[in-house]
Amino acid sequence: MIKAVKTVCISVMIAMGGLWAYPQQSVDARPVVGVAEFSCQENSPYTGLVTEKVVEMLTNTRRFRVVDRTSIDKIHSELELQKSEAFLDSKNRVEQDVAVAAEKMITGHIVKIPVYRMKNPNGSVRGFKASIGFEMKVVDVATGLSSEATSFQGKASQECMSPEAAVTMAMQSIQDEIGDWFRTNFPITCSVSRIIDNKTILVNAGSEQGLKPGNTLKVEAVEMIDGQPYHKALGEIKIKNVAGPNFSECEVSKKMMAQIKPYFDNAVKIICELKQSKK
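Residues numbered from 1 in each chain as written. Predicted model: local features only at pLDDT ≥ 70, side-chain atom pairs only at ≥ 80, totals over all residues. Heavy atoms only, no water.

A. Local environment of the packing of helix 2 (residues 47-60) against helix 4 (residues 163-172). The geometry of helix 2 relative to helix 4 is characterised by a closest axis approach of 10 Å and an angle of 45 degrees between their N-to-C directions. Classified by the angle between their axes, helix 2 and helix 4 sit oblique to one another. Seen along the crossing, helix 2 lies across helix 4 with a hand that is right-handed. Contact with helix 2, carried on its side by L49, V50, K53, V54 and M57, involves E164, V167, T168 and M171 of helix 4 and no other residues of that element. Considered class by class, the residues forming the contact of helix 2 with helix 4 number six nonpolar, one polar and two charged. (Axes fitted to C-alpha atoms, helices over the stretch in contact; angles between N-to-C directions. Helix = DSSP H or I, 4+ residues; strand = E, 2+ residues; numbered from the N terminus. Parallel < 35°, antiparallel > 145°, perpendicular 65-115°, else oblique. Left-handed = near helix turned anticlockwise from the far one by under 90°. Contact = heavy atoms within 4.5 Å. Nonpolar A, V, L, I, M, F, W, Y, C, P; charged D, E, K, R; others polar.)

B. Highlighting helix 2. The end-to-end C-alpha distance of helix 2, which contains 14 residues, comes to 20 Å, matching closely the 20 Å that a straight helix rising 1.5 Å per residue would cover. Considered for burial, the residues of helix 2 that qualify are T47, L49, V50, T51, K53, V54, V55, M57 and L58. Once helix 2 finishes, R62 follows within two positions and takes phi at roughly 60 degrees, a positive value. (Expected span 1.5 Å × (residues − 1). Buried < 20%, exposed > 50% of the residue type's maximum accessible area, 1.4 Å probe, protein only.)

C. Spatial organisation of the nonpolar core. Ranked by size, the top nonpolar core spans 31 residues in total, and within it I106, F134, M136, I178 and F182 carry the most contacts. Mapped onto this core, the elements with two or more residues apiece are strand 1 (32-36), helix 2, strand 4 (104-112), strand 6 (125-130), strand 7 (133-140), helix 4 and helix 5 (175-185). Residue contributions to this core peak at six residues, all from helix 2. Every residue in contact with M136, bar those within four places of it in the chain, is listed here: F38, V54, I106, T107, G108, E148, A149, T150, F152, I178 and W181. Of all hydrophobic cores here, the second largest spans 25 residues; its members include V203, A205, A221 and V252. (Core = buried A, V, L, I, M, F, W, Y, C linked by side-chain atoms within 4.5 Å.)

D. The sheet that holds strand 13 (residues 248-251), seen in detail. If you walk around this closed barrel you meet the six strands as 9-10-13-12-11-14, and the pairing is antiparallel. Adjacent strand axes in the sheet meet at a mean angle of 45 degrees when their direction is disregarded. Relative to strand 13, strand 10 (residues 200-203) runs antiparallel, the two being bridged by four bridges. Bridge pairing in strand 13 places L202 opposite E249. On the sheet, helix 6 (residues 254-265) packs against strand 9 (189-197), strand 10, strand 11 (216-225), strand 12 (228-242) and strand 14 (269-274) and is oriented at approximately 125 degrees with respect to strand 12. (Pairing = 2+ DSSP bridges.)

E. Seen up close, the packing of helix 2 against helix 5. Contact pair helix 2 / helix 5: the axes reach a minimum separation of 11 Å and the direction vectors enclose 60 degrees. When the axis of helix 2 is compared with that of helix 5, the two are oblique. The element helix 2 and its partner helix 5 pack so that their crossing is right-handed. Residues V54, M57 and L58 of helix 2 pack against Q175, I178 and F182 of helix 5.

F. Local environment of the pattern of salt bridges. This structure, assessed with the given rule, holds seven salt bridges. The salt bridge partner of D140 is K104, with a shortest N-O separation of 2.9 Å. Linking D140 in strand 7 with K104 in strand 4, this pair joins segments that are 36 residues apart in sequence. Look at K104 and you get partly exposed, because its relative accessible area is 28%. Put simply, E236 and K275 hold a salt bridge, and the shortest N to O gap is 3.1 Å. Taken together, the residues E236 in strand 12 and K275 in the segment after strand 14 connect sequence positions 39 residues apart. (Salt bridge = Lys/Arg side-chain N within 4 Å of Asp/Glu carboxyl O.)

From the geometry alone we can't say anything about function, so treat these as descriptive.
In structure tokens, the structure reads:
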């Protein structure tokens, strides 16, 4: 019996040793973004629909961990929420699913959202058209600082069977413009998952996040010192192969590897951010 227990203990220790020998850092490094209920200059029943479409567009980019905060009163409530018991055991205080703290909040104000009834000659309603105009900005939850508001003006929709369909069509007319705004305000971020060899590392972002061979990533180590994140820039690496939807292989110089490996071996978070190309 004692021999059997020893055998089990040794097996467990070997297994744990194997885990310690290969640090796992496949942390989801995407920014956690909350979306607050949009305000509206007029009393419109379609305000919530506009907010839902922004949440949907943001989620579909697969570049963010999106938290729906439409039922919370903007930034003040977000700050109060992060003080609650739901976040006491959270490692990321600064997902509602259990309770995920947003680092950034998107707020919006609808300037106009007219919905028109299209009538037949006899006065009966045959359909609806709509247009939309609104502003959005990004607020840093920790500091309360916000970006400048950006205006979006949708095209008038075609005639639709319902007012909701008309508003949705008006939103779809500015989908590309909103996507560009997301990319500008939230660059692609990922983390180092594995060191493959002395010239190659694997990061946890791929084609699904829009990465391509030749893209340059800025790399930094993020250590916690006295309870605060300390960011240290390490340099740049280049993607040589997009290895599927969620991973990419990056070419690393000998000098850069010498900087990355000690942090990786000590389980320090290593964050990579897509370097924006100049237009």
